Amino acid sequence: MGHSLTKPVVAGNWKLNHGPAEARSFMESFSPAKGEGTLVLFPPYLSVAAVLEARGGRPVLVGVQDIYWEASGAFTGEISAELANQAGAEVALVGHSERRHIFGETDEETARKVTASLGAGLIAMLCVGEKIDEREAGQAKAVVQRQLDAVLGHLGTEHLDRFAVAYEPVWAIGTGKTATAADASEMHVHIRSILLQRLGDGAASVPILYGGSVKPANAAELMGAKEVDGVLVGGASLDPRSFSAIWDARG
Ligand code: PGA
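Residues numbered from 1 in each chain as written. Predicted model: local features only at pLDDT ≥ 70, side-chain atom pairs only at ≥ 80, totals over all residues. Heavy atoms only, no water.

Q: I'd like a rundown of the packing of helix α5 (residues 107–119) against helix α7 (residues 140–152), residues and numbers included.
A: Helix-helix packing is characterised by the crossing angle of the two axes and by the distance between the axes. Where α5 contacts α7, the two axes come as close as 8 Å, and the packing angle between them is 45 degrees. As summarised for this structure, α5 and α7 are arranged oblique, according to the angle between their axes. For α5 against α7, the interelement crossing comes out right-handed. Of the residues in α7, those in contact with D107, T110, A111 and V114 of α5 are R146, Q147, A150 and V151. Residue classes in the contact of α5 with α7 are distributed as four nonpolar, two polar and two charged. (Axes fitted to C-alpha atoms, helices over the stretch in contact; angles between N-to-C directions. Helix = DSSP H or I, 4+ residues; strand = E, 2+ residues; numbered from the N terminus. Parallel < 35°, antiparallel > 145°, perpendicular 65-115°, else oblique. Left-handed = near helix turned anticlockwise from the far one by under 90°. Contact = heavy atoms within 4.5 Å. Nonpolar A, V, L, I, M, F, W, Y, C, P; charged D, E, K, R; others polar.)

Laid out in structure tokens, this is it:
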């Protein structure tokens, strides 16, 4: 409890990479400069303890890549927000496009997961983003609005300091195709207006991160764009040097 995300936020999603030994060696070579903003790492569940042990005094929050909304019970293979909290995790990533599109997670399920994460004292980082066919059909903003609406209807203003949104256009994830800073910014402005409309003025401080093929070479331009409060990084977060370079690019 008590953690919050100061902008800019630079988050690394390791996906299904880096077991405990690799996580420890990542942390040995990772020495981010102190300064404004928040660093977050999302290791696989089984490497969370290794990252927590290895982080020492480094200013890094540690999160899980998914949670289940029930607290406990006969749900083989799942972990709850309570359990993640007990294990020392501070953040939960919810609704990542791989959860939505490989594992069939619905908008309603992401809403339950955000509610459960906040209820257990975690910071919830909700991922939204359109697929390429949706963008080409001119539906990108409507899709993101639908994904947000499903969650915001259940979100009270009391948890705003523990809520973040990551806009990740599905066509830009792991493809090397980054949205232009202008495209990202246009969607971020749209997301900010939905947040303000639904949650009131307090939503001005909710970080909105961009994700999708972020690397050291494009991070500064993206983070400099209007309403882009940070980045969620997949591939380029696996190497401590490139992840540090992205952190240094936040300006
Ligand atoms: P990528 O992944 O940086 O490898 O495109 C981003 C993400 O899925 O969070």
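Q: Quick one: what's the story with the side chain of Q147, residue by residue and with numbers?
A: Positionally, Q147 belongs in helix α7. Engagement of the side chain of Q147 in a polar contact is seen with the backbone nitrogen of G129, the distance being 2.8 Å. Apart from the residues within four sequence positions on either side, Q147 is in contact with R100, D107, V128 and G129. (Polar contact = N/O pair within 3.5 Å; in protein donor to acceptor, adjacent residues only side chain to side chain.)

Q: Any details on the site of the ligand? Residues and values, ideally.
A: Every one of the 13 residues lining the ligand counts as a neighbour, but K15, H96, E168, G174 and S213 are closest to it. At 2.7 Å from an oxygen atom of the ligand is found a side-chain nitrogen or oxygen belonging to E168. At a separation of 2.8 Å, an oxygen atom of the ligand approaches a polar backbone atom of G234. About the coverage of the ligand: the protein hides 94% of its 280 Å² of free accessible area. (Near = heavy atom within 4 Å. Areas by Shrake-Rupley, 256 points an atom, 1.4 Å probe, with all protein chains shown as cover.)

Q: I'd love a proper account of the pattern of salt bridges, names of residues and values included.
A: This model, assessed by the stated rule, comprises 14 salt bridges. As a salt-bridge pair, D107 and R100 come within 3.0 Å of each other at their nearest N and O atoms. The exposure class of D107 is buried, given its relative accessible area of 11%. What makes R100 buried here is its relative accessible area of 8%. With its nearest N and O atoms 2.6 Å apart, the salt bridge here joins R135 to E130. When its relative accessible area of 26% is taken as the criterion, R135 is described as partly exposed. (Salt bridge = Lys/Arg side-chain N within 4 Å of Asp/Glu carboxyl O. Buried < 20%, exposed > 50% of the residue type's maximum accessible area, 1.4 Å probe, protein only.)

Remember, this is a structural readout, not a statement about activity or role.
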